[in-house]
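Descriptive structure summary
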Amino acid sequence: MTGKELNAQDDCIFCKIIAGDFNTDFVYQDDYVVAFDDISPQAPVHTLIVPRQHVINLEDNPDPELLKHLFSAVSKVAQIKGVNESGYRIIQNNGRGAGQTVFHLHVHVLGGKRFSEGMA
Ligand code: 5GP
Ligand code: ZN
């Protein structure tokens with residue numbers, strides 16, 4: 001465990017994944033984030049980018065430095081997953097009303113299919 005993971009929450013599935021408890025394959029990782037494929041993919045490519053630090057969502061006062069690394073990882077993951085040229089969509093849910101079900105900040109990277117032009 002590195003210093004960035006010291007506030008890991010015992011009851012948080014993503015903290016456990018980050019700690020390696022399930023031997024999850026990481027698509028990408030650096031000092032700030034890890035990325036792994038969603039267990040219930042909603043598109044041919046559906047990867048989650050998750051900060052190593054346990055932050056609930058954007059309302060939990062995340063460090064701007066962490067957000068910089070989180071969003072910098074998006075393009076890297078898109079390249080690794082081969083959707084950087086075809087296009088990809090990112091989704092990031094904040095709170096139950098937005099559909100957040102895992103309360104550890106994460107960005108969904110979805111690709112490998114044609115998306116509708118609307119958002120809903
Ligand atoms: P949210 O709805 O919070 O924005 O997204 C949570 C995502 O985490 C969902 O798409 C769900 O399928 C995924 N997820 C939940 N538990 C696990 C797990 O144990 N492993 C992986 N890889 N994904 C998970
Ligand atoms: Zn967590």
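Remember, it's a predicted structure, so these values are computed and weren't measured experimentally.

**Observations concerning the layout of surface pockets**
- Taken as a whole, the largest pocket holds about 560 Å³ of empty space.
- Taken together, 27 residues make up the lining of the largest pocket; nearest its centre are D38, S40, H46, L48 and H108.
- Taken together, the elements giving at least two residues each to the lining of the largest pocket come down to α1 (13-18), β2 (33-37), β3 (45-51), β4 (88-91) and β5 (107-111).
- Broken down by element, the residue count for the lining of the largest pocket peaks at three residues, all from α1.
- Residue classes in the lining of the largest pocket are distributed as 13 nonpolar, 10 polar and four charged.

**Quick look at the nonpolar core**
- Counting 14 residues, the largest nonpolar core has Y28, V33, A35, I49, L70 and V77 as its most contacted members.
- A per-element tally of this core places helix α2 (residues 64-80) first, with five residues.
- For L70, the residues in contact, after removing those within four places along its chain, are V33, I49, V50, P51, L105 and V107.
- Core analysis: the next-biggest nonpolar cluster, separate from the first, contains 10 residues, I17, I18, L48 and V102 among them.

Conventions adopted
Residues numbered from 1 in each chain as written. Chains lettered and ligands numbered in written order. Predicted model: local features only at pLDDT ≥ 70, side-chain atom pairs only at ≥ 80, totals over all residues. Heavy atoms only, no water. 1 Å grid on protein atoms, 1.4 Å probe; cavity = no way out; pocket = protein on both sides within 12 Å on 5 of 7 lines; lining within 4 Å. Points joined across faces, edges and corners; volume = space filled by probe spheres on them. Helix = DSSP H or I, 4+ residues; strand = E, 2+ residues; numbered from the N terminus. Nonpolar A, V, L, I, M, F, W, Y, C, P; charged D, E, K, R; others polar. Core = buried A, V, L, I, M, F, W, Y, C linked by side-chain atoms within 4.5 Å. Buried < 20%, exposed > 50% of the residue type's maximum accessible area, 1.4 Å probe, protein only. Contact = heavy atoms within 4.5 Å.

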